[in-house]
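# Report on the structure
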Amino acid sequence: MALAIKKRFGSYVETVDGSPAVKKLRLQTLAADGKGGKARTVERKLTALNQLDVYLNIIPSGSSTVTTATPSVAPGSASLVNPPAATTGTSQLATGNSREMLELLVKITDEISYEDVDFAELKEVSNKIFQLYQMQERDSDTSIRVKLLELLSGLGCECVTEQAVTLIIDYFIFLLRKEVSQKVLAQGMMCLFRIGERRKHLVPMAYNTQVAHLAKEQLRSGSTHTQKNAMLVMGRYATKKEGERHYVWKLAFYIDSQDSGVRAQALHALLTLGERGSELPAVLYKRAVEAMKDDYECVRKEALRLVFMLGNLHPDYIIPSDRQQEELRMIDAAFSKVCEALCDLSLQIRVLAAELLGGMTAVSREFLHQTLDKKLMSNLRRKRTAHERGARLVASGEWSSGKRWADDAPQEHLDARSISIIASGACGALIHGLEDEFLEVRTAAVASMCKLALSRPDFAVTSLDFLVDMFNDEIEDVRLKAIYSLTAIAKHIVLREDQLEIMLSSLEDYSVDVREGLHLMLGACRVSTQTCLLMVVQKLLDVLAKYPQDRQSTYACMRKIGQKHPHLVMAVAVHLLYVHPFFETPERDVEDPAYLCVLILVFNAAEHLVPIISLLPTATHRHYAYLRDSMPHLVPQLPIEGASSASATHRIDSAMRQAGSSAEYLQMILSHIEEIFTMTDERVELLQTAQSNLQRLGAIDAGMYGTSNFLETFLAAQIQIEQMQRCASTQRSRVPLKESLAALIRNCLKLQHTFSGLNYGDILQVKQLRLRACALHLVLVVRDRSQSALGPCQMLLQTAGDISEFIKTNKKDEEDMPPVGALPLIEYETSRKGRDSQPDSFTQQLLSKLDSISDPKPGRVFREILPLVQQAPPLALPPANEKIRRCVANILEPCPLQSQDNVIKVTAGLIAAVPFVAEIDNLLESQKADMRIKIKYPDQHMHTVVPKRSDFKPIMTEQGEHETNVRLRTTILLSHSVWTESSLVEIQLCLAVRPGSELELCKPAKVLFAPKPVRRGI
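These lines cover the structure that appears in this document, whether it is placed above or below.

For the chain, the count of helices and strands is 38 helices and 17 strands. When burial is assessed residue by residue, the chain has 49% of its 1018 residues classed as buried. Long-range pairs, those at least 24 residues apart, make up 73% of the contacts in the chain with a sequence separation of at least 6. Only carbon and sulfur atoms are counted for the fraction: they give 51% of the accessible area of the chain, which is about 51600 Å².

Okay, the state of the cysteines next. Two cysteines joined by a covalent bond between their sulfur atoms form a disulfide. Applying the stated rule across the entire model yields zero disulfides. Free cysteine: Cys597, not disulfide-bonded; nearest cysteine sulfur from Cys557 at 8.9 Å.

Turning our attention to the side chain of Ser153. Its place among the elements puts Ser153 in helix H4 (residues 142-157). Residue class for Ser153 comes out buried when judged on its relative accessible area of 3%. Aside from chain neighbours lying at most four places away, what touches Ser153 is Phe172, Cys191, Arg194 and Ile195.

With that settled, consider the packing of aromatic side chains. Counted by the stated rule, this structure contains eight aromatic pairs. Ring centres 5.7 Å apart and planes at 50° place the aromatic pair Phe130 and Phe174 in the tilted group. Here Phe174 lies in helix H5 (residues 162-178) and Phe130 lies in helix H3 (residues 119-134), a separation of 44 residues in the sequence. The pair Phe130 / Phe174 is uniform in exposure class, with both members buried. Between Tyr760 and Phe806, the ring centres sit 5.0 Å apart and the planes meet at 15°, which makes this aromatic pair stacked. Placement of the pair is Tyr760 in helix H34 (residues 760-784) and Phe806 in helix H35 (residues 790-816), with a sequence separation of 46 residues. Of the two residues, Tyr760 and Phe806, neither departs from the other in class, the shared state being buried. Ring pairs connect the aromatic residues Phe130, Tyr171 and Phe174, which therefore count as one cluster.

In this section: the environment of Leu175. Note on placement: Leu175 falls in helix H5. Those residues in contact with Leu175 that lie beyond four places of it in its chain are Phe130, Tyr133, Gln134, Leu149 and Leu152.

Next up on the list: the pattern of salt bridges. If you walk through the whole model with that rule in mind, you get 32 salt bridges. A salt bridge links Arg496 to Asp498, with the nearest nitrogen and oxygen atoms 3.2 Å apart. For Asp498, a relative accessible area of 41% corresponds to the partly exposed category. Between Lys539 and Glu508 there is a salt bridge; the shortest N-O distance is 2.9 Å. In this pair, Lys539 sits in helix H24 (residues 530-546) while Glu508 sits in the loop between helix H22 (497-505) and helix H23 (512-524), placing the two residues 31 residues apart along the sequence. Overlapping salt bridges, with partners in common, bring together Glu516, Glu919, Arg967 and Arg969 in one network.

Reading guide: rules and limits
Residues numbered from 1 in each chain as written. Predicted model: local features only at pLDDT ≥ 70, side-chain atom pairs only at ≥ 80, totals over all residues. Heavy atoms only, no water. Helix = DSSP H or I, 4+ residues; strand = E, 2+ residues; numbered from the N terminus. Buried < 20%, exposed > 50% of the residue type's maximum accessible area, 1.4 Å probe, protein only. Contact = heavy atoms within 4.5 Å. Areas by Shrake-Rupley, 256 points an atom, 1.4 Å probe, with all protein chains shown as cover. Disulfide = S-S within 2.5 Å. Phe/Tyr/Trp six-rings, centres within 6.5 Å; stacked < 30°, edge-to-face > 60°. Salt bridge = Lys/Arg side-chain N within 4 Å of Asp/Glu carboxyl O.

In short, the description is geometric, and any link to function would need to be established separately.
See the structure below:
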């Protein structure tokens, strides 16, 4: 195993032979420092292309080189003036050589890597490819030229400078202007498109114009493949002004092409120009509508997107109606056309149409509501307003005395297409989407209905019945989408009794996700009457008795219902608590989940309507004090006499007000720590006191938990280093135990892997802290002489290489960062935040020492770093960063309260399935692969379970999915040999950051497990 480590004061390579056991360490210097006076050699990355030299008849580098003219195009010029001179020698390749060369090019294309290529090497290699391309015959096999262009585009896609990108584009422009093969031209256009996609920020404006003009010339080609790729290039490279002025009309001409692919690509190129900022003219709408009737699905799909874009781009542009002498707004006409696409034969187009409907929020109210009614207005007639009917009566000069003459005569036969002002496709369009046979269309229709309802409260009320009907869909994902959509629009609606019956019937669904989604929805909605409230509460209690594992979501639902309906809860509180007007009822069990639900409902309603407290029996006052202490997140603070938590909370609040904000208190702690670092006596004891203060601050203020816990963990590692440093300073000091060294390394890993939101300064301090810990670890292990020092030495070298690479990358990012005026001030300050931090003197000296060692054996490294470790000053704490969040977990199942009472009994050797549910806060996407469930048996035997990625589901809130909080729901399997009695099995969530190192995220949940012996038959 070889690991390249680049450092600030030089670069070296660490080679470890023998894996997994470390047998040998070797440090080889690749770059000399300034004192040596040797020139720095650049590592060549594209050595695979040297195999092409034999086909160029070029003498290898070192003896003599053949100079060739490099194509250069000045900005604004159309082509190369002087073509490069071909090399002397054989200019024709035999057929056998062509076949061998093609095989070689395919092999090189599969193996080559373009990363971190120096500009000089890129220029040399691109010139070599250019020469080889020039040597090919125009009537020979085009596959070689195609592969050469592919190699050249690979270089262009990985360029990091504007000079390199323009060099590659120059080659392409020159070669494609001379090319006659349509196959090669098509490949060249595709290569230019890839370069524009990957390196669009590096292409100058003048080159954008040149490439777009070249693509425009290729539109006259007889090959449809070349035309399609040229349209791709035009859409990517054309500037905003040039696109509006020339290219839009040029592309619009090809909408009527005979080839379906060209028609689709022309529409797609227009969409690309519109997305890049070019303003598409409104007159294109008619062409797009005609393209929606095309026989090919690809054309209809792009035309549908173009109709959607034009409707939102020119919403108030007036266009004539297709079937009547009326005028419509373009957004209304486009909305009708998108609705018509919901009846298309293609599934993909129906899904796309259902998705696009949600983005047309500027549509008129009449058109929007018509999508929920399958009956067209007044039997396909346009309804006249009351003012128009009155004006007609006055104009007739008649008295209104009942029916007019022949008013009941049969009307003539009417043609719906000639009379309806709204196209029939818009009538009931969303209903058609909700009733589609494919779940993708139904899901997209529900999502679009939710988006439209969020912008139109009146439409939210109208669409409520249809969303409720989707609760009975046969597909679980569709039901969940309807539930979450109704939760999002809950602020606009009030539920009726008939609607609640359908919703509550879905509460008995077998899926726990559906039940929890309904709990969230019921907590977000409002009900209209007391009967509705009683229906909801009673149904929730019945379902809780059937599914006791839903108690946490049921408690949260009851809390929300009480907060939103205080007056209704006051009217039914006596009924729910079974309070008799004359007789004293028996005190109910406070551990009963149903009674807890009622108390949470009533107490949260009393927070907004205090007179409810007077209706409560005396026993509930004691129960309130208990619940306030055990469930503070579910039970609010109330003015109830006799509650012990009231005075305690008042004291805490007054103390917090006297101390000021949490941020000010944190800054005060940090300033005290800086003063402590300047002391010499009793420094460790004072730092431990500051550590406990940081820990208490995180427990009091949840918003500062991540920041205070990060600083507390950093300070704990610093205290451990301080104590171990004393052991390394004298020869007679006792070497600390392995557990102490492992705890120090664990704290460093915890700082690196369990916290998110760190800026550059925070990460640099953490890496420096780990570097100190690794150096101290090596010193103590070598002095102990009871264990091998190869492992700690390897860890130190790897940590040094990591921090060197980190510092080098930061310097490179600072160089690539745009100047101050190029970005807004806030964005510039955000990107610069923390980047002014520099490594301390200990880090710089240690990296310099390690770099100067040619053969880094543990003994040699120990002797070099020992003086530095003994005299190392304390590392300063990073400044407070309020964006830091820590990944923590909370195990809900098995429940810590009930797992001690329920014994899991199973025959020895067989398997017991235990449901496992946990909520994980601030979990990054990259950390899901490292998540483990650790199971520890009483005999200290442990094994870990890797949960599936599909078991992680985002936690839903009233605002939608939470970004970083997820719920893990899975099943773990327990099995063991025979035990004499039941014992506790610990289940814990942890992060496996490296083999043998798991970072615990929560306290373990304990379950009683009893493997019984096998019963023998008589």
